[in-house]
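Report on the structure
Here are the chains, one letter per residue:
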Amino acid sequence: MIVTKTPLRVSFFGGGTDFKEYFEKEGGIVLSTSIDKYTYVTVRDLPDLFSFKNELTYSKTERVENIDEIEHPLIRNAMKFTNTDKIRLFYDADLPAGSGLASSSSFAVGLLNAFKKRNGEVLSNREMSDQSIHLERVMCAESGGIQDQIAVAFGGLNKIEFSKDGYTVNPIECSAERKAQLNNKLMLFYTGITRRSFEIQDDTRKSITDSRKSESMSRMKEIAYSAINVLEDESRNLVEFGELLDETWRIKHSLSSKISNNQIDKYYDTAMKAGAVGGKLLGAGGGGFLLFYVDEKEQESVINALSELHHVKFSFEDTGGTIIYEEK
């Protein structure tokens, strides 16, 4: 039996610049962190005593004889990619799927980590990242960028830069105290709205390659670098980070009509009036989690104003994808 644990992530700045169609021409930058909310994948051998060869449990249970019969595209393609067969698989997560925290990529990394370990191979963070990008973007043919796979595989608060030559991952250079101060000012609220992110991602992909929106994309990159400077220059007021969140959200909002809706806009405006400095909807958009930067003295006011939403406390983490149990 093998059990993997892979974090979810919060993406602050630069989303969209991690699309291959964009960064291979213009370069990209993302600032993100993994958080202490996780997905878990358990894999064990299935004895030849059952009437099926594979049993796969996620939001439903599939029992199949042949891999091609598997309905879940991520599981089906991961098993093909790693030559995995005759298994019992169980998926679990701390937070709902389709909520903007990269649960799909976290699942992809956890699957590959477990399957490769079962085959006697230990993956590095980069191998986890590269192979999960191939799994989701090539084998499953899902639209989207590549920041999520990198963020959850590596873990930590990182600057991820993209170019035609690939990507680099570098930790943000600030003190543990500075990170804790930022963490304490960030609030997550679950809207209860889930969505199929790749449908929104496809619309976003079309938007970012629109020459009329090139100025907005350039500004998104500038904001990401500005936010990194705010974190690394500890003489600067962290409130600037919140203000930049607000600006990047308004730009993202303008890129596609599918990114937000009237209900989400209402939640955002309510939080801002209650004391939030800035925020954004996480992930591709359309639903999921709202993130806000709120000074501690205003946080109770924001919680009360958004009382119909679930407030989820979280902390930064830096482990990335790991194997937490292996039974020989």
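See the structure printed just above.
So, here's what we can say about the structure. Residue positions are given per chain, counted from 1 along the sequence in the order it is written. The predicted nature of this model means local features are confined to residues of pLDDT at least 70 and side-chain atom pairs, given and counted, to a pLDDT of 80 or more, with totals for whole chains, interfaces and linings taken over all residues. Excluded from the side-chain calculations are hydrogens and water; all other atoms, namely the structure's heavy atoms, are used.

1. Things to note about the overall build of the protein chain
Condition: Secondary structure elements follow DSSP: runs of H or I of four or more residues count as helices, runs of E of two or more count as strands, with numbering from the N terminus. Only the C-alpha atoms count toward the radius of gyration. The rule for a globule is 2.2 Å times the residue count to the power 0.38. The cut-offs for exposure are 20% and 50% of the maximum accessible area for each residue type, with area from a 1.4 Å probe on protein chains only; residues under the lower value are buried, those over the upper are exposed, and the others partly exposed. Between two residues, a contact is recorded if the distance between any of their heavy atoms is within 4.5 Å. Accessible surface area values rest on a Shrake-Rupley calculation with a 1.4 Å probe, where residue burial reflects the displayed protein chains alone. Only four residue types enter the charge count, namely Lys and Arg as positive and Asp and Glu as negative; His and the chain termini do not. We put the charge of a Lys on NZ, of an Arg on CZ, of an Asp on CG and of a Glu on CD.
Looking only at helices and strands, the protein chain has eleven helices and 13 strands in total. Since a compact globule built from 328 residues should have a radius of gyration of about 20 Å, the 20 Å found for the protein chain is in line with a globular shape. If one aligns the C-alpha atoms of the protein chain with their principal axes, the spans along those axes are about 60 × 45 × 40 Å. When the 328 residues of the protein chain are sorted by exposure, 54% land in the buried category. By sequence separation, contacts in the protein chain at least 24 residues apart represent 74% of the contacts at least 6 residues apart. As displayed, the protein chain offers around 14,200 Å² of accessible surface, 44% of which is attributable to carbon and sulfur atoms. A distance of 3 Å separates the average location of the 41 positive side-chain charges in the protein chain from that of its 50 negative side-chain charges.

2. Regarding the nonpolar core
Nonpolar side chains tend to gather and get buried jointly when the protein is soluble and globular. Defined as follows: Take the buried Ala, Val, Leu, Ile, Met, Phe, Trp, Tyr and Cys residues and link them wherever side-chain atoms come within 4.5 Å; each set so joined is a nonpolar core.
With 35 residues, the main nonpolar core has Phe-12, Phe-13, Leu-31, Phe-241 and Leu-291 as its most contacted residues. When residues of this core are traced back to their parent elements, those giving at least two are strand 1 (2-13), strand 2 (28-45), strand 8 (186-190), helix 8 (214-232), helix 9 (239-255) and strand 10 (289-293). For this core, the element with the highest residue contribution is helix 8, accounting for seven residues. Apart from residues lying up to four places away in sequence, Leu-291 is in contact with Val-10, Phe-12, Leu-186, Met-187, Leu-188, Leu-245, Gly-278, Gly-279, Lys-280, Leu-282 and Phe-314. Counting residues in each nonpolar core, the second largest holds 29 residues, with Ile-2, Val-43, Leu-74 and Leu-135 among its members.

3. Digging into the sheet that holds strand 10
Here is the rule: Pairing between strands is defined by DSSP: at least two bridges between them are needed. Axes, fitted as lines to C-alpha atoms, cover a helix only where it is in contact. Angles between the N-to-C directions of the axes lie from 0 to 180 degrees.
The strand order across the open sheet formed by four strands is 9-10-8-11, and the pairing between neighbours is antiparallel. For this open sheet the edge positions go to strand 9 (278-281) and strand 11 (310-312), each flanked by a neighbour on one side alone. On average, each strand axis in the sheet is tilted by 25° relative to the strand beside it, whichever way the strands run. Pairing of strand 8 with strand 11 involves three bridges; the strand directions are antiparallel. Opposite Tyr-190, over in strand 11, you have His-310 as the bridge partner. Its contacts with the sheet put helix 9 on strand 9 and strand 10, and the angle it makes with strand 9 is roughly 40°. Helix 10 (residues 262-274) rests against strand 9 and strand 10 of the sheet, and its axis sits at about 20° to strand 10.

4. What to know about the pattern of salt bridges
Quick note on the threshold: The rule for a salt bridge is simple: a side-chain nitrogen of Lys or Arg has to be within 4 Å of a carboxyl oxygen of Asp or Glu.
For the coordinates displayed, the defined rule picks out 15 salt bridges. Residue Asp-68 is joined to Lys-80 by a salt bridge in which the shortest nitrogen-to-oxygen separation is 2.7 Å. In this pair, Asp-68 is assigned in the loop between strand 4 (61-64) and helix 2 (73-82) and Lys-80 in helix 2, connecting sequence segments twelve residues apart. In this structure Lys-80 comes out as partly exposed when scored by relative accessible area, which is 39%. Look at the salt bridges and you will find they share partners, linking Lys-185, Asp-295, Glu-296 and Lys-297 into a network.

5. Observations concerning the pairing of strand 10
Counting buried residues in strand 10 gives five out of five residues, a clear majority hidden from the surface. Neither face of strand 10 is left uncovered, since the one carrying Phe-289, Leu-291 and Tyr-293 and the one carrying Leu-290 and Phe-292 both have all their residues buried. With five bridges connecting them, strand 8 and strand 10 associate as antiparallel partners. Across the sheet, the residue bridging to Leu-186 is Tyr-293, located in strand 10. Taken together, the four bridges between strand 9 and strand 10 define a ladder with antiparallel strand orientation.

6. Quick word on the packing of aromatic side chains
The following threshold applies: Paired rings are identified among Phe, Tyr and Trp, the last through its six-membered ring, by centres lying within 6.5 Å, and are further divided according to the angle between planes into stacked (under 30 degrees), edge-to-face (over 60) and tilted (the rest).
Tallied over the full model, the rule gives twelve aromatic pairs. Relative to Phe-292, the ring of Phe-189 has its centre 6.2 Å away and its plane inclined at 65°; by these criteria the two rings are edge-to-face. On the criterion of sequence distance, the pair formed by Phe-189 in strand 8 and Phe-292 in strand 10 is long-range, its members being 103 residues apart. Accessibility expressed as a relative area gives 0% for Phe-189, which makes it buried. Taking the relative accessible area as the measure of exposure, Phe-292 reaches 0% and is therefore buried.

7. Description of the pairing of strand 5 (residues 87-93)
The pairing of strand 2 with strand 5 spans seven bridges and is classified as antiparallel. Note on strand 5: the bridge partner recorded for Asp-45 is Ile-87.

8. Some points on unusual backbone geometry
Positive phi values are uncommon outside glycine, yet Lys-86 reaches one of about 60°. Structurally, Lys-86 is set in the loop between helix 2 and strand 5. In this structure, Ala-102 is a non-glycine residue whose phi angle is positive, near 70°. In this structure Ala-102 comes out as buried when scored by relative accessible area, which is 8%.

9. What about a nonpolar patch on the surface?
Rules: Residues form patches when they are more than 30% accessible in relative terms and have no salt bridge. Like charges link within 9 Å. Nonpolar side chains (Val, Leu, Ile, Met, Phe, Trp, Tyr) link within 5 Å.
Residues Met-1, Ile-324 and Tyr-325 make up a contiguous nonpolar surface patch of roughly 270 Å² in combined accessible area. Tracing the backbone shows Tyr-325 in strand 13 (residues 322-326). For Tyr-325, a relative accessible area of 38% corresponds to the partly exposed category.

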